[in-house]
Amino acid sequence: QVHLVESGGGLVQPGGSLRLSCAASGSIARFNVMGWYRQAPGKQRELVANINSYGITNYADSALGRFTISRDNTKNTVYLQMNSLKSEDTAVYYCNLRYALSAMGTGDWGQGTQVTVSS
């Protein structure tokens, strides 16, 4: 069983920045992928970015150039630095951890953290 705890969400003005963190504990596969998904009201959950144990990253087009995902393997923690935030980034952001050879969207999930971009 894996436990994921997210932090760092909140209210920010358009153009501002936020940094999300997610700490994992429990039975963590050595070769894994940690990532961030988001779900806006009335929309499906979508991938924002992910990063595997070796540091290889993958970004949604909407995140490219504005968001940076990173991880600290010693702390089993993944971060999402979000810059130049837009109103359309408003969503609940969920942390995900899965075994690297399992399908995207599977694995364990955090409880979610709200990000609201508004003036």
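Refer to the structure above for everything that follows.
If you're wondering where the values come from, they're calculated on a predicted model, not measured in any experiment.

1. What about the overall build of the chain?
Regarding its fold elements, the chain presents zero helices and 11 strands. Counting from the amino terminus, the chain carries its helices and strands in the arrangement β-β-β-β-β-β-β-β-β-β-β. In terms of overall dimensions, the chain is globule-like: its C-alpha atoms have a radius of gyration of 13 Å, near the 14 Å expected for 119 residues. Its C-alpha atoms put the chain at 40 × 25 × 25 Å along the principal axes. Considering the chain as a whole, with its 119 residues, one finds that 43% of them fall into the buried category. Across the chain, contacts joining residues at least 24 apart in sequence account for 53% of those joining residues at least 6 apart. Of the accessible surface of the chain, which amounts to about 6200 Å², a share of 49% is contributed by carbon and sulfur atoms. One way to put it: in the chain the 10 positive side-chain charges average out to a point 4 Å from where the 7 negative ones average out.

2. Points about the sheet that holds strand E3 (residues 18-26)
One open sheet accounts for four strands, arranged E1-E3-E8-E7; its pairing is antiparallel. A strand with exactly one partner marks an edge of an open sheet, and here the two such strands are strand E1 (2-7) and strand E7 (67-72). Between one strand axis and the next, the sheet turns through 15° on average, direction left out of account. Across six bridges, the pairing between E3 and strand E8 (residues 77-82) is antiparallel. Residue pairing across strands places Leu20 opposite Leu80, the latter belonging to E8.

3. As for unusual backbone geometry
Of note, Asn76 is a non-glycine position whose phi angle comes to about 50°, a positive value. Tracing the backbone shows Asn76 in the loop between E7 and E8. One non-glycine residue, Ser84, adopts positive backbone phi at about 50°. Residue placement: Ser84 occurs in the loop between E8 and strand E9 (91-99).

4. Brief notes about the side chain of Arg66
In this fold, Arg66 is placed in the loop between strand E6 (57-59) and E7. Setting aside its immediate chain neighbours within four residues, Arg66 contacts Gln81, Met82, Asn83, Ser84, Leu85, Lys86 and Asp89.

5. Topic: the pairing of E8
Counting buried positions along E8 gives five out of six residues, so the element sits mostly inside the fold. Sheet analysis places E7 next to E8, joined by six bridges and oriented antiparallel. Counterpart to Phe67 in the pairing with E8 is Met82. The hairpin turn running from E7 into E8, its antiparallel successor, is four residues long, and Asn76 in that turn takes a positive phi close to 50°.

6. A closer look at the pairing of E3
When E1 meets E3, the two strands line up antiparallel, connected through six bridges. If you follow Val5 over to E3, its bridge partner there is Ala23.

Conventions used here
- Residues numbered from 1 in each chain as written.
- Predicted model: local features only at pLDDT ≥ 70, side-chain atom pairs only at ≥ 80, totals over all residues.
- Heavy atoms only, no water.
- Helix = DSSP H or I, 4+ residues; strand = E, 2+ residues; numbered from the N terminus.
- Rg over C-alpha atoms; globule rule 2.2 N^0.38 Å.
- Buried < 20%, exposed > 50% of the residue type's maximum accessible area, 1.4 Å probe, protein only.
- Contact = heavy atoms within 4.5 Å.
- Areas by Shrake-Rupley, 256 points an atom, 1.4 Å probe, with all protein chains shown as cover.
- Lys, Arg positive; Asp, Glu negative; His and termini not counted.
- Charge placed at Lys NZ, Arg CZ, Asp CG, Glu CD.
- Pairing = 2+ DSSP bridges.
- Axes fitted to C-alpha atoms, helices over the stretch in contact; angles between N-to-C directions.

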